[in-house]
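Chain and residue survey
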Amino acid sequence: MNARRAAGAVLGTGVLLCLLASVAVTSLSVRVDGTSMAPTLADGDRVLVAPGSAGEARRFDVVLLRATGRDALLVKRVIALPGDRVAIVSTPERPFEVLLQERGQGPVRRVAAPQWTAQARRTGACCAPDGTRSARPELVTVPEGSFFYLGDNPDLSDDSRAYGWGELGRVEGRVGLRAFPVSTSPGLGDRPVLEEWAGVATLGGLQGRPEGPEGPGP
């Protein structure tokens, strides 16, 4: 085989491998529809799910799930796990303060995510006993087998505030990386972190209830 034929064979093999990789990514990945996870994920991005991660949720993971009573596949961020207590305080100065008490013990801390700070302008209070929006901020406990989830673009996201607690059994997997577009980093950016909450001294009535059916409606 001369050099020209060898080069042609190598090029043909490379093209074939690229086509196979493209088909594999398309068939194995999930397309993101909408802007509820912007800027972390954009409309039209394709993501790959970590194998063996169905039915699992770790705090601050991005997951694929089906909301209770809905067949649509959602891409959202896990915020609170079973036993955690969660609330959202909304004021004109700070319209989106997500508060978390891990496992229902210790200090109430703020979930800090830069993408929220840049975008949240018209959010309301949370949470009612089922995890949805409430008339006033209230710390509520995430039930066993459930979790609380939000979109990274909170003003344009239908999430636990609309649908209530997520069910661990309806998690289809943890988003491992972005597969498309190839020009974008495959990573999902920085994860939120827990910080001391400046309003802890004025908690007052924001003690919530660990359990119970009573309380403000959505």
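Everything discussed here concerns the structure shown above.
This report concerns the structure included in the present document.

Definitions and limits used
- Residues numbered from 1 in each chain as written.
- Predicted model: local features only at pLDDT ≥ 70, side-chain atom pairs only at ≥ 80, totals over all residues.
- Heavy atoms only, no water.
- Helix = DSSP H or I, 4+ residues; strand = E, 2+ residues; numbered from the N terminus.
- Buried < 20%, exposed > 50% of the residue type's maximum accessible area, 1.4 Å probe, protein only.
- Contact = heavy atoms within 4.5 Å.
- Areas by Shrake-Rupley, 256 points an atom, 1.4 Å probe, with all protein chains shown as cover.
- Disulfide = S-S within 2.5 Å.
- Core = buried A, V, L, I, M, F, W, Y, C linked by side-chain atoms within 4.5 Å.
- Pairing = 2+ DSSP bridges.
- Phe/Tyr/Trp six-rings, centres within 6.5 Å; stacked < 30°, edge-to-face > 60°.

This part is about the overall build of the protein chain. Counting its regular elements, the protein chain contains three helices and 12 strands. The buried share of the protein chain, taken over its 218 residues, is 44%. Contacts spanning at least 24 positions in sequence make up 64% of the contacts within the protein chain whose residues lie at least 6 apart. For the protein chain, the exposed area adds up to about 11,300 Å²; of that, 56% sits on carbon and sulfur atoms.

Okay, the state of the cysteines next. Scanning the entire structure with this criterion turns up one disulfide. Here Cys126 pairs with Cys127 through a disulfide, and the sulfurs are 2.1 Å apart. Residues Cys126 and Cys127 are joined through a disulfide that is right-handed, its torsion about the S-S bond being 100°. The burial state of Cys126 is the same as that of Cys127; both residues are buried.

Okay, the nonpolar core next. Formed by 19 residues in total, the largest nonpolar core has its most connected members in Ile79, Val86, Val98, Trp116, Phe148 and Leu150. In contact with Leu150, other than residues within four places in its own chain, are Met37, Lys76, Arg77, Ile79, Ile88, Phe96, Val98, Trp116, Ser157, Asp159 and Arg161.

Turning next to the sheet that holds strand 2 (residues 46-49). The strand order 1-2-11-3-4-9-10 describes an open sheet built from seven strands, whose pairing is antiparallel. The open sheet terminates on both sides in strands that have one partner only, identified here as strand 1 (30-31) and strand 10 (166-167). In terms of strand pairing, strand 2 meets strand 11 (residues 171-180) through four bridges, oriented antiparallel. From the neighbouring strand, Leu48 faces strand 11, where its bridge partner is Leu177.

As enumerated under the stated definition, the model contains three aromatic pairs in all. Ring geometry for Phe148 versus Trp165: centroids 6.1 Å apart, planes at 70°, classification edge-to-face. Separated by 17 residues along the polypeptide, Phe148 in strand 9 (residues 146-150) and Trp165 in the loop between helix 3 (160-163) and strand 10 bring together distant segments of the chain. You can call Phe148 buried: its relative accessible area is 0%. Look at Trp165 and you get buried, because its relative accessible area is 11%.

Strand order across the open sheet formed by five strands is 8-5-6-7-12, with antiparallel pairing between neighbours. Each edge of the sheet is formed by a strand with only one pairing partner; in this case those strands are strand 8 (140-141) and strand 12 (193-196). As paired strands, strand 5 (residues 85-89) and strand 6 (residues 97-101) are joined by five bridges and run antiparallel to one another. Across the sheet, residue Val89 finds its bridge partner in strand 6, namely Glu97.

Another point: the pairing of strand 3 (residues 62-66). Counted residue by residue, strand 3 has four buried out of five residues, so it is predominantly covered. Relative to strand 4 (residues 73-80), strand 3 runs antiparallel, the two being bridged by five bridges. In the sheet register, Val62 faces strand 4, and the bridge partner there is Arg77. Hairpin connection, strand 3 to strand 4: the antiparallel pair is bridged by six residues, and Gly69 has positive phi, about 80°. Note that strand 3 and strand 11 share three bridges and pair antiparallel. For Leu64, the partnering residue across the bridge sits in strand 11 and is Gly173.

In this section: unusual backbone geometry. With an omega of 5°, the peptide bond between Ala38 and Pro39 qualifies as cis. Along the chain, the position of Pro39 falls in the loop between strand 1 and strand 2. A positive phi angle is found at Phe60, which is not glycine, with a value near 75°. On the accessibility criterion, Phe60 (7% relative accessible area) is buried. A positive phi angle is found at Arg103, which is not glycine, with a value near 55°. Structurally, Arg103 can be placed in the loop between strand 6 and strand 7 (109-112).

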